[in-house]
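Coordinate analysis (summary)
Single-letter residue listing:
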Amino acid sequence: MKLKGNIAISESGFVFDSSTGESYNLNSVGKDILNLMKENKSEEDIKRQILQDYDVEPEALESSYYDFTRMLSQFNLIEHEK
Amino acid sequence: MKNRLTIAVTGLNNTDNPGPGIPVIRGIRDSKDFDVRIIGLAYENLEPGIYMDHMVDKTYQIPYPSAGIDNILRRMAYIQAKENIDVLIPNFDAELYSFMKAEKRLEEMGIQTFLPEIKQFEERHKSALPEFGKKYHVNVPKSINITSYNEIYTIKDEFQYPVLVKGKFYDAYIAYNEEQVINHFNKISAKWGLPIIIQEFVKGTEVNVVALGDGKGNTMGAVAMRKQYITDKGKAWGGITIHDDKMLDLTHQLIANTKWRGGMELEMIKTTDGEYYLIEINPRIPAWVYLAVGAGQNIPEALVKLAIGEEVTPMTYYESGIMFIRYSFDMIGNISQFEQISMTGELDKKEINHSTLNF
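In this text, all values refer to a predicted model and were calculated from it rather than measured experimentally.

What to know about the interface of chain A and chain B
- Taken residue by residue, the interface counts six residues in chain A and 10 residues in chain B.
- Taken over both partners, the interface formed by chain A and chain B buries close to 590 Å², and the fraction arising from carbon and sulfur atoms is 42%.
- Summed over the shared surface of chain A and chain B, the number is one salt bridge.
- Residue Glu 22 of chain A pairs with Arg 226 of chain B through a salt bridge whose shortest N-O separation is 2.7 Å.
- Remark: the boundary between chain A and chain B carries three residue pairs in polar contact (both at pLDDT 80 or more).
- The residue inventory of the side of chain A that touches chain B, partitioned by class, reads one nonpolar, four polar and one charged.

Given below as structure tokens:
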């Protein structure tokens, strides 16, 4: 899953899509996930990093991660697979 | 050395339905190449731009376009004798036709303009949009022109409600049924005349581009914006620059094919599928042009340079994520200013006489 190239993320978790003008607010977990995606990290690597940095059970992360990425897709922030 | 120029500008109505005059003036005043004297041309004596500081040096009232070209030119000749205007930038759709028609005669007076040609102006009319789309291979919403009540009842055969009901020059309303179409038909036709345009309602995000064509097919500047805050009149009260290659390609393609001369605003709807529908081409600089200046493209300055025959390098870069937010502000003035413009049709910001009103 790859983040679109025109997505900017600030340190505060503010996200700006320069192709649509839409902006979003993220909490720190969301910000970290997006930043890791921006670095082209694999899903496994991202989850491993989040488990390491936050006090969260793997099952809970699994379901939240799924919801979160679905939302990113809905908001058109993800490159469509070719 | 800076080029000294006298530039006349209309559209000083900086209201909640703002004219482009003040933003155009701000762009020109920002220029590092010009030293300008700005002559405001106003239709109404309460256009806020007349009274704003550091914008207009002197304002003259001019007759409405409906008074006829000869009356407008007579007034322009009087103003020209006093001011020696180099460039005139008209900013209202409704006045453009008169100034385009008068282009040669204005030039003889020494006043340069940089306006679309009559053919370009005519073929992009809202009422001619379907033909325009076909000719230049651009998606446009389906639309028909109606001139009578009877035709309202045939809308349901061709469109699905809701539809957009639009005036020839201004105003657009959504109608969900025939009763609402009748209501809007009456309101718009009383103000702007006929025809009324019934347009398919395309769902999506409204995105706009301000652009400048050199008349030879080249785009001298283009900046895309998404409205963030829209007034009840449908005007942008806040907006943000965006980068969208598809939209900019479409703009370049349109300017190349039409050989557009002058400023323009493209209004488009981007659907959720990423398709673009052109809903309107305004044949002039829009009121949000100062956002383009802030993002790195001084389109008013480039237009002035083209008008006086200077070389302009096409502006290809602008920053995305630059915002504008309008605000309202109460200026305090003296009755003498109003007295002066009302009684003499002129107001020089530096020569305001004290009123001789006796209470």
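Here we look at the pairing of strand β2 (residues 34-42) of chain B
All names here are of chain B.
- Taking burial as the measure, the nine residues of β2 include seven buried ones, the bulk of the element.
- Of the strand pairs in this sheet, strand β1 (residues 3-9) and β2 are connected by seven bridges, and their pairing is parallel. Residue pairing across strands places Leu 5 opposite Val 36, the latter belonging to β2.
- For the crossover that starts at β1, traverses helix α1 (residues 21-29) and ends in the parallel β2, the hand is right-handed.
- Sheet topology places β2 next to strand β3 (residues 58-61); four bridges connect them, and they run parallel. The residue of β3 that forms the bridge with Ala 42 is Gln 61.

Conventions we followed
Residues numbered from 1 in each chain as written. Chains lettered and ligands numbered in written order. Predicted model: local features only at pLDDT ≥ 70, side-chain atom pairs only at ≥ 80, totals over all residues. Heavy atoms only, no water. Contact = heavy atoms within 4.5 Å. Buried area = accessible area lost by both parts, 1.4 Å probe. Salt bridge = Lys/Arg side-chain N within 4 Å of Asp/Glu carboxyl O. Polar contact = N/O pair within 3.5 Å; in protein donor to acceptor, adjacent residues only side chain to side chain. Nonpolar A, V, L, I, M, F, W, Y, C, P; charged D, E, K, R; others polar. Buried < 20%, exposed > 50% of the residue type's maximum accessible area, 1.4 Å probe, protein only. Helix = DSSP H or I, 4+ residues; strand = E, 2+ residues; numbered from the N terminus. Pairing = 2+ DSSP bridges. Right-handed = clockwise from strand over helix to strand, strands pointing away.

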